[in-house]
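Tertiary structure, described
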Amino acid sequence: MTSSNLQRVTVLGATGSIGRSTLDVVARHPERYRLHAVTAHRSREALFEICQRFVPAQAVIGREEDAIWLRDRLRDAGLGRIEVRSGAEALVEVSRASEVDVVMAAIVGAAGLLPTLAAVEAGKRVLLANKEALVMSGGLFMAAVERHGATLLPIDSEHNAIYQCLPSQHRGGLERQGVSRLLLTASGGPFRGWSMADLEAVTPAQACAHPNWSMGQKISVDSATLMNKGLELIEACWLFDASPGQIEVVVHPQSIVHSMVGYSDGSVIAQMGNPDMRTPIAYGLAWPARIDAGVEPLDLFARARLDFEAPDERGFPCLRLAREAMKAGGTAPASLNAANEVAVQAFLESRLSFLGIARLVEATLEAIDVQPAASLDVILCEDTRARRTAEALLQQRSF
Ligand code: NAD
Ligand code: MG
């Protein structure tokens, strides 16, 4: 590959689980990828180490006091040429900068929406890990992808799997492609099969220890409540122009089949691999080519068996709540996402029980009405309203 083919990459959320896996794949292919910018919220030490190792053109951190610290450290290390900035506007700028070809959207939660949308509006190749952005603003987001000619590649392992199993030109409706359903696999999380009494007593440490995947805290809790699968159902509706009824959730505890596409002739195409996010990340970086991701080859003999079962929607009502929010449409998914972010944070701070997460989300959605998702302003306004409502409910009564 010649230097003119060098891809310049911005990694939003570089210090997180997806961010680090992205840096690992990028480091394996220095002839293909160069970092333009890396960003972090609070982890200044980690961002400093990344800057030392990769020498990007820019680094962005949440607070100016951390930016001052980082500038000093980089200057002392002889890396004063790395431009350090702080704040939300800087995130947007490193996402849409003209030098950038690829943006990895790996900030967690609603905070990822504006920079991810900025990358879309600048027509970049956008590798979408930040599912919350699409859950909040799916209609506007997908319209912006179309309008600005961005290339959107799903990094969430299930959606990446479905993308790989669909015909290469899957625009224009699933039925026209002969697709009868999308089979979204779920590991079932660490509490699959637990009784309601046991679920009531789950601690944050237990919820953050996922059996198959090593992930950030928020998505680990979402995986344990199955809200992650609910958010993914909404994500799949937008990405693949599907209705909630066309998506079936299948619990598959081994996380080897990452998802499947069922066709009208009875064929079911699955994408398999070890549970390692470097596979979908490498796919997104190199698409339509394939590159080494550093992932161990799948040893089917060692794995021996693959199991599939239906999800338990009684112990894990978040899946139903997400499906209902998608059916309600408008700002309902944004409100669901916002209420869930508040609930997960409260659970991590031991202010809410594990089963209380779903109860608080449901009570929040009952307390606020659904608006048409007419603009980004409306969506952000409803996001704020849902957060305030969830916090107020949490003060008023126990869940
Ligand atoms: P993480 O918590 O490990 O990392 C989050 C990153 O975002 C960090 O770099 C952090 O500094 C940054 N960040 C956090 N809050 C921020 C804010 N307010 N403003 C700016 N930056 C902020 O999370 P993760 O597990 O890497 O997940 C990232 C995203 O990818 C999430 O949306 C998650 O749902 C999605 N995802 C993750 C996995 C996984 O295996 N970890 C799989 C599929 C999808
Ligand atoms: Mg996933």
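This one's a predicted model, so the numbers in the text were calculated from it and none came from an experiment. Starting from 1, residues in each chain are numbered consecutively following that chain's sequence as written. As they are written, the chains are lettered A onward and the ligands numbered 1 onward, keeping that order. Given that this is a predicted model, residues contribute local features only at a pLDDT of at least 70 and side-chain atom pairs are listed and counted only at 80 or more, while totals for whole chains, interfaces and linings are drawn from all residues. Excluding hydrogens and water, the side-chain figures rest on all heavy atoms present in the structure.

Re the overall build of the chain
Strands are runs of DSSP state E lasting at least 2 residues, helices are runs of H or I lasting at least 4, and numbering of each runs from the N terminus. Helix and strand counts for the chain stand at 17 helices and eleven strands. The globule rule puts the C-alpha radius of gyration for 399 residues at 21 Å, and the 21 Å found for the chain is close to it. For the chain, the spread of C-alpha atoms along the principal axes amounts to about 55 × 55 × 45 Å. Within the span of the chain, comprising 399 residues, buried residues form 55% of the whole. Note on contacts: a residue pair qualifies if any of its non-hydrogen atoms lie within 4.5 Å across the two residues. By sequence separation, contacts in the chain at least 24 residues apart represent 70% of the contacts at least 6 residues apart. The globule rule is 2.2 Å times the number of residues to the power 0.38, and the radius of gyration it is compared with is taken over C-alpha atoms. The buried label goes to any residue with under 20% of its type's maximum accessible area, the exposed label to any with over 50%, and the partly exposed label to all in between, with areas taken from a 1.4 Å probe on protein chains only.

A word on the side chain of Thr10
Locating Thr10 in the fold gives a position in strand 1 (residues 7-12). Of note is the side chain of Thr10, whose polar atom sits 2.9 Å from the backbone oxygen of Val94. If near-sequence neighbours (up to four positions away) are discounted, Thr10 is found in contact with His36, Ala37, Val94, Val100, Val102, Val103 and Met104. Polar contact criterion, stated in full: a pair of N or O atoms within 3.5 Å, where within protein one must be able to donate a hydrogen and the other to accept it, and residues adjacent in sequence count only if both atoms are side-chain atoms.

Quick word on helix 17 (residues 376-396)
Take the number of residues in a helix, subtract one, and multiply by 1.5 Å to get its expected span. Under the 1.5 Å per step criterion, the end-to-end length of helix 17 is 30 Å for 21 residues, consistent within 8% with the ideal 30 Å. For helix 17, the complete set of buried residues consists of Ile379, Glu382, Asp383, Ala386, Thr389, Ala390, Leu393 and Leu394. Projection of helix 17 onto a plane perpendicular to its axis shows the buried side chains occupying an angular sector of 135 degrees, all on one side. Turned more than 90 degrees away from the buried face of helix 17 sit Asp377, Arg388, Gln395 and Gln396, all of them exposed. Those residues of helix 17 that are buried lie in contact with helix 6 (131-148), helix 15 (332-348) and helix 16 (354-367). The directions considered for the arc run from the helix axis to the C-beta atoms.

Considerations on the packing of aromatic side chains
Any two rings among Phe, Tyr and Trp, with Trp reduced to its six-membered ring, count as a pair given centres within 6.5 Å; such a pair is stacked if its planes are under 30 degrees apart, edge-to-face if over 60, and tilted if neither. Scanning the entire structure with this criterion turns up five aromatic pairs. Both rings, one in Phe191 and one in Phe354, keep their centres 5.2 Å apart while their planes meet at 80 degrees; by these two values the pair is edge-to-face. On the criterion of sequence distance, the pair formed by Phe191 in the loop between strand 8 (179-186) and helix 8 (196-200) and Phe354 in helix 16 is long-range, its members being 163 residues apart. Ring geometry for Phe347 and Phe354: centres 5.8 Å apart, planes at 65 degrees, overall edge-to-face. Neither residue differs from the other here; Phe347 and Phe354 are each classed as buried. One aromatic cluster is present, formed by Phe191, Trp194, Phe347 and Phe354 through successive ring pairs. By definition, being over a ring means that NZ of Lys or CZ of Arg is both within 6 Å of the ring centre and within 35 degrees of the ring normal. Residue placement shows Arg73 over the ring face of Phe48; its charged tip is 4.2 Å from the ring centre.

Describing empty space enclosed by the protein
Lining residues are those with an atom within 4 Å of a point, where the points come from a 1 Å grid over the protein atoms alone and group into cavities, where a 1.4 Å probe fits but cannot get out, or pockets, open sets with protein on both sides within 12 Å along at least five of seven lines. Grid points are joined across faces, edges and corners, and a volume is the space filled by probe spheres set on the points. Applying the stated criterion to the full structure yields one cavity of 30 Å³ or more. Lining the largest cavity are Thr225, Gly315, Phe316, Pro317, Cys318, Phe354, Leu355, Ile357 and Ala358. A per-element tally of the lining of the largest cavity places helix 16 first, with four residues. Considering only residue class, the lining of the largest cavity consists of seven nonpolar, two polar and no charged. Polar here means any residue outside two lists: the nonpolar Ala, Val, Leu, Ile, Met, Phe, Trp, Tyr, Cys and Pro, and the charged Asp, Glu, Lys and Arg; Gly therefore counts as polar.

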